[in-house]
Amino acid sequence: MPEPSMPARAAAIAGPALAALLGTAAAAQDLSGWRWQLTPFVLAPSVESTTELGRAAGDVSFEASDVFDQLQAGGMLQFEGVHSSRFGFRLRYALLDADATGSSPAGALPVTYDQNVAEAVVTYSFGRGRDSFQLFGGVRHWDVDVIAGVPGGSVRQGAEWTDPIAGLRWQRRVSPEFSILLEGDIGGFGAGSDQSWSAMGGLVYDRWERASIYVMYRGLGVDYQEGTRGTGSFFRHDAVTHGLLAGIGFKF
């Protein structure tokens, strides 16, 4: 039986959290108390990582300046809901598929880099005056696959793992149409990766009543390893993905 795709696995992880929240709302017969937003993002990423595949080790680099030459697929989709009780949820799925350049003791190597990240968190929103805050906690699921070309063939290694995460979002209204948004979280704690983090900030332009424009910069880091170093099954991925995000949030 073939393995489910990454989007299917992401739905399996995020689905229970969403179902529980919507189930609570339906039981209260208060679906009208929800506000929803769907935001697709395009990205211009850079990836800097130290990756060890079995007995091979090296650095993988992918620069934003080469995005149109090397990026095969990339983007992020975000869906969130906030209830009148102040509780809510947020789901994210980010995809990065690129041909990168790796350096190793043997010299430069061609690398195919595939990173999929899915997040599901429960949120609690509150605010005062021009400032609004959102506490959140949940999980971030990683699916990383790296293929490195080596003399005489290729080496392929990858892994999947899930990190618990907790964080805070802050948004300040600076004018009727513009606001500043900052968000950060930490995770891993040895449950999946040794450590994981995310930091994002930028501007929100409320251009229309039912849609807003987002221009953000995000960094996403992780340090993960499995297996025994020096054996063919060893995999280590110490990476930071960062770059610009631009998207439109549709409210309904």
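Anything mentioned here points back to the structure above.
Below or above, wherever it landed, is the structure these notes cover.

Criteria and cut-off values
Residues numbered from 1 in each chain as written. Predicted model: local features only at pLDDT ≥ 70, side-chain atom pairs only at ≥ 80, totals over all residues. Heavy atoms only, no water. Salt bridge = Lys/Arg side-chain N within 4 Å of Asp/Glu carboxyl O. Helix = DSSP H or I, 4+ residues; strand = E, 2+ residues; numbered from the N terminus. Buried < 20%, exposed > 50% of the residue type's maximum accessible area, 1.4 Å probe, protein only. Patch = residues over 30% accessible without salt bridge, like charges linked within 9 Å, V, L, I, M, F, W, Y side chains within 5 Å. Areas by Shrake-Rupley, 256 points an atom, 1.4 Å probe, with all protein chains shown as cover. Pairing = 2+ DSSP bridges.

### Concerning the pattern of salt bridges
The full count for this structure, using the stated rule, is 14 salt bridges. A salt bridge links Glu183 to Arg92, with the nearest nitrogen and oxygen atoms 2.9 Å apart. Taken together, the positions of Glu183 in strand β8 (residues 178–187) and Arg92 in strand β4 (residues 87–104) put the pair 91 residues apart, joining distant regions of the chain. With a relative accessible area of 4%, Arg92 lands in the buried category. Through salt bridges with shared partners, a single network forms among Glu80, Arg90, Arg92, Glu119, Arg140, Arg169, Glu183, Asp185 and Arg218.

### Re a nonpolar patch on the surface
Together, Leu38, Leu77, Trp208, Ile248, Phe250 and Phe252 make up an exposed nonpolar region whose accessible area comes to about 560 Å². Its place among the elements puts Trp208 in strand β9 (residues 195–208).

### Some remarks on the pairing of strand β7 (residues 153–173)
In the sheet, strand β6 (residues 131–150) pairs with β7 via 20 bridges, with the strands oriented antiparallel. Residue pairing for β7: Phe133 is matched across the bridge by Trp170. The hairpin turn running from β6 into β7, its antiparallel successor, is two residues long, and Gly152 in that turn takes a positive phi close to 90 degrees. Both β7 and β8 contribute to a ladder of nine bridges, which runs antiparallel. For Ala166, the partnering residue across the bridge sits in β8 and is Ile186. Hairpin connection, β7 to β8: the antiparallel pair is bridged by four residues.

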